[in-house]
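The lines below spell out each chain.
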Amino acid sequence: MNRIRLLLALAIGALCLGAISYASKAFDLQKYSGLAAIVVISSSIRFLRKRYLEKGNSKLSVGRVESLHYSPVKSGKLLCSSKLEFVQHGVKNDRRWLVVDESGDFYTQRKHPQMALLEARVEQVGDGKESLALAGRGMAGKFECQKASSSNIRTVRVWSSQIRAIDEGEDAAQWISEFIGEPTRLVRCFDHSERIEEFGNDATPIAFQDDCPVLLISQESLDDLNKRLPNPVEMDRFRPTVVVSGLGGPYEEDRIETVEIGNVKYRLMERKTRCSLITVNPKTGKIDSNEPYRTLASYRRALHGWEVKSGQSNFSKRPFFGVKLAPSCTLKGSSIQVGDPVRITQFLHR
């Protein structure tokens, strides 16, 4: 079928060139015929690429996974892994714990940049049980947080979502309060998350992520941004789940409609809007300047009429960097690894 379409398009192109040749002789326009031929040929190539390659099921833009990341505590230090496994609510142990105040409102680096220095790792303690090992700059030693009983329930808030969570107890609260510098609690998501994020006609279970289970950014996009910055920044400022390369150039991820990473299929939720969190230096836990937000906003704000899901005007003024993805099927039991192929299976046209 694709061969027939190609021959048909070439035939149409040939007819157009014939018409140009006839018209140039009839109306003494030979000096313009070469330019017209170039226009017709380039337009035909563009038409073929858009109509039969990008819009079809051909798997173009084959890239690879460069690095994988997760953070057990929301807004804590981002960890690297060679492999990510998926459970019901997304990446296993990603954003599964949350720091909240006494009323249940969540904490992030936006107002507490020192959280960038909060390192949390899930460790096996025997008999199939797990604990959360916490460490932070200025804290003496490592704290082992044993998982509390699921009967110790507290209602917490992540943006507009109210969620039931498991309070990890007084010892964990004391440690995290000392690190943050004010009274706080540490809570855990249920194994089967009750939080559902809706987007259009789709619904995706998530833990304590802002609103999506997977955030993808290409290395080429960061490289392009760094060329514009007075001082380059590292990828962990943008807190991705998956970093890819080889999609064809900077910001090529913007055009994803559907994508395969390894054997897992994802669909686009929306582009990722950026806030002041990217100004936090993850190595120091401090805001050094208004970069890279300032530079990013100078050329990546409200591109091509894109709208954000929130519909709020302040969000539409923020710059975009990266894309938010949701699985096209149940993820539980699947995984992705560094080196896995990345195939854009359908391109977005806007």
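Above: the structure in question.
Residues numbered from 1 in each chain as written. Predicted model: local features only at pLDDT ≥ 70, side-chain atom pairs only at ≥ 80, totals over all residues. Heavy atoms only, no water.

A. How the structure looks around the nonpolar core. Among the nonpolar cores identified, the biggest contains 25 residues, and L216, V242, V259, I261, Y266, L325 and I336 are the most heavily contacted of them. When contributions to this core are tallied by element, the ones reaching two or more residues are β1 (60-70), β3 (83-87), β14 (214-218), β15 (242-245), β16 (256-261), β17 (264-273), β20 (320-327) and β22 (341-347). In this view, I336 contacts L68, S82, K83, L84, F86, V242, I261, V264 and Y266; residues no more than four positions away in its chain are not counted. (Core = buried A, V, L, I, M, F, W, Y, C linked by side-chain atoms within 4.5 Å. Buried < 20%, exposed > 50% of the residue type's maximum accessible area, 1.4 Å probe, protein only. Helix = DSSP H or I, 4+ residues; strand = E, 2+ residues; numbered from the N terminus. Contact = heavy atoms within 4.5 Å.)

B. Quick peek at the packing of aromatic side chains. Under the defined criterion, the tally for this structure stands at 7 aromatic pairs. On the numbers, 6.1 Å between centres and 20° between planes, the contact of F143 with W175 is stacked. Pair noted here: F143 is in strand β8 (residues 143-146) and W175 is in helix α3 (residues 170-180), with a separation of 32 residues, a long-range link. Between F238 and F321 the ring centres are 4.5 Å apart and the planes differ by 40°, which places this aromatic pair in the tilted class. (Phe/Tyr/Trp six-rings, centres within 6.5 Å; stacked < 30°, edge-to-face > 60°.)

C. A look at the sheet that holds strand β11 (residues 185-188). Spatial strand order, β5-β11-β10-β9: 4 strands in an open sheet with antiparallel pairing. Edge positions in the sheet fall to β5 (97-100) and β9 (153-158), since each has one partner strand and no second. Between one strand and the next, the sheet's axes are offset by a mean angle of 50°, whatever the strand orientation. Sheet analysis places β9 next to strand β10 (residues 161-167), joined by 6 bridges and oriented antiparallel. Counted as the bridge partner of R154 is A165 from β10. (Pairing = 2+ DSSP bridges. Axes fitted to C-alpha atoms, helices over the stretch in contact; angles between N-to-C directions.)

All we've got here are geometric facts, nothing functional implied.
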